[in-house]
Amino acid sequence: MDQTLSERASTVTLRVNGTDRSLTLDHRTTLLDALRDHLDLTGTKKGCDHGQCGACTVLLDGRRVNGCLLFAVACAGRSVTTVEGLTDGEVLHPVQEAFVARDALQCGYCTPGQICSAVALLDEAARGEPSHVTPPERLPGGPVPLTPDEIRERMSGNICRCGAYPNIVAAIEEAAR
Ligand code: FES
Ligand code: FES
């Protein structure tokens, strides 16, 4: 049976970069498409649209997520931070500063996702959340030191087809310091 537009759309409010935004969306609209196509926040990129590249990474209530894998209506009432929302006015976030200082990009397409992922990574390590390569003797423990191996493992969901990985790792090490 065909559904009417009102049956397959809902009005939801998302808190995006600190501001409540109400949108009427088809239930099938992903968070990524809501940000890019309905809010003109095109900093967040669409790479694979299948949860495999990390280009669409944003923060949902402070945790990193792939925007292409979430329906926007499922994020109603939650707080979304995109790469645009990391700045404080004209002042870049320390991770953004470090990416610039370390020249951690080439074409830049993956960069917003890399930066959002790195921001979340710093918090995860500070909370002591282990990764696959965290030495067992550190468990349970305090903050996890961000060695290059830790950073590579924790950033493994963010693909860079330009191969800027060495400088990305260096930038995250610098931001962690
Ligand atoms: S666009 Fe979402 S993971 Fe690739
Ligand atoms: S800088 Fe080009 S894809 Fe990463």
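The rules we used
- Residues numbered from 1 in each chain as written.
- Chains lettered and ligands numbered in written order.
- Predicted model: local features only at pLDDT ≥ 70, side-chain atom pairs only at ≥ 80, totals over all residues.
- Heavy atoms only, no water.
- Helix = DSSP H or I, 4+ residues; strand = E, 2+ residues; numbered from the N terminus.
- Rg over C-alpha atoms; globule rule 2.2 N^0.38 Å.
- Contact = heavy atoms within 4.5 Å.
- Areas by Shrake-Rupley, 256 points an atom, 1.4 Å probe, with all protein chains shown as cover.
- Lys, Arg positive; Asp, Glu negative; His and termini not counted.
- Charge placed at Lys NZ, Arg CZ, Asp CG, Glu CD.
- Pairing = 2+ DSSP bridges.
- Axes fitted to C-alpha atoms, helices over the stretch in contact; angles between N-to-C directions.
- Expected span 1.5 Å × (residues − 1).
- Buried < 20%, exposed > 50% of the residue type's maximum accessible area, 1.4 Å probe, protein only.
- Domains from an automatic or database assignment.
- Buried area = accessible area lost by both parts, 1.4 Å probe.
- Salt bridge = Lys/Arg side-chain N within 4 Å of Asp/Glu carboxyl O.
- Polar contact = N/O pair within 3.5 Å; in protein donor to acceptor, adjacent residues only side chain to side chain.

A. Representation of the overall build of the chain in the model. A tally of helices and strands in the chain yields 5 helices and 5 strands. Each helix and strand of the chain, ordered N terminal to C terminal, gives the series β-β-α-β-β-β-α-α-α-α. By the compact-globule yardstick of 16 Å for 177 residues, the chain fits well, its C-alpha radius of gyration being 17 Å. Expressed along its principal axes, the backbone C-alpha trace of the chain runs to roughly 55 × 35 × 30 Å. Residue pairs in contact within the chain that sit at least 24 positions apart in sequence constitute 53% of those at least 6 positions apart. When the accessible surface of the chain is split by element, carbon and sulfur atoms take 50% of a total near 9,400 Å². Side chains of the chain carry 17 positive and 23 negative charges; the gap between the two charge centres is 2 Å.

B. Local environment of the sheet that holds strand β2 (residues 19–26). The strand order across the open sheet built from 5 strands is β2-β1-β5-β3-β4, with neighbouring strands paired in mixed fashion. The open sheet has two edge strands, β2 and β4 (63–66), and neither has a second partner. Going across the sheet, the axis of each strand differs from the next one's by a mean of 40°, ignoring polarity. Judged from the 2 bridges that link them, strand β1 (residues 9–16) and strand β5 (residues 79–81) form a sheet pairing that is parallel. Across the sheet, Val-16 pairs through a bridge with Val-80, a residue of β5. Docked against the sheet, helix α1 (residues 31–38) engages β1, β2, β3 (57–60) and β5, running at close to 105° with respect to β2. Its contacts with the sheet put helix α3 (residues 111–126) on β3 and β4, and the angle it makes with β3 is roughly 40°.

C. Seen up close, helix α5 (residues 165–176). Taking 1.5 Å per residue as the helical rise, α5 with its 12 residues ought to reach 16 Å, and the 16 Å between its terminal C-alpha atoms agrees with that figure. Inspection of α5 places Ile-168, Val-169, Ala-170, Ala-171, Ile-172 and Ala-175 among the buried residues, and these make up the whole buried set. Among the structural elements, α2 (94–101), α3 and α4 (148–154) are those in contact with the buried residues of α5.

D. Layout of α3. Between its first and last C-alpha atoms α3 spans 22 Å; for 16 residues at 1.5 Å apiece the expected length is 22 Å, and the two agree. Across the 16 residues that make up α3, a large majority, 14, are buried. Where α3 ends, the next residue or the one after it, Gly-128, has phi of about 85°, a positive value.

E. Molecular detail of the domain arrangement of the chain. Split into domains, the chain comes out as domain 1 (3–84) and domain 2 (94–176). Of note, the centres of domain 1 and domain 2, computed from C-alpha atoms alone, are 23 Å apart. Contacts between the two partners involve 16 residues from domain 1 and, on the opposite side, 18 residues from domain 2. When domain 1 packs against domain 2, the two sides together hide about 1,300 Å² of surface, and 50% of this comes from carbon and sulfur. Connecting domain 1 to domain 2 are 2 salt bridges. One salt bridge in this structure joins Glu-124 and Arg-64, with 2.8 Å as the shortest N-O distance.

F. Quick look at the side chain of Ser-117. The residue Ser-117 is located in helix α3 in this model. A polar atom in the side chain of Ser-117 sits 2.7 Å from the side chain of Arg-64. Not counting the four nearest positions on each side in its chain, Ser-117 is found in contact with Thr-57, Arg-64, Met-155 and Asn-158.

G. Region of interest: the pattern of salt bridges. Following the criterion strictly, the structure yields 12 salt bridges and no others. Between Asp-26 and Arg-8 there is a salt bridge, with its nearest N and O atoms 3.6 Å apart. Of this pair, Asp-26 sits in strand β2 while Arg-8 sits in the segment before β1, and the two are 18 residues apart along the sequence.

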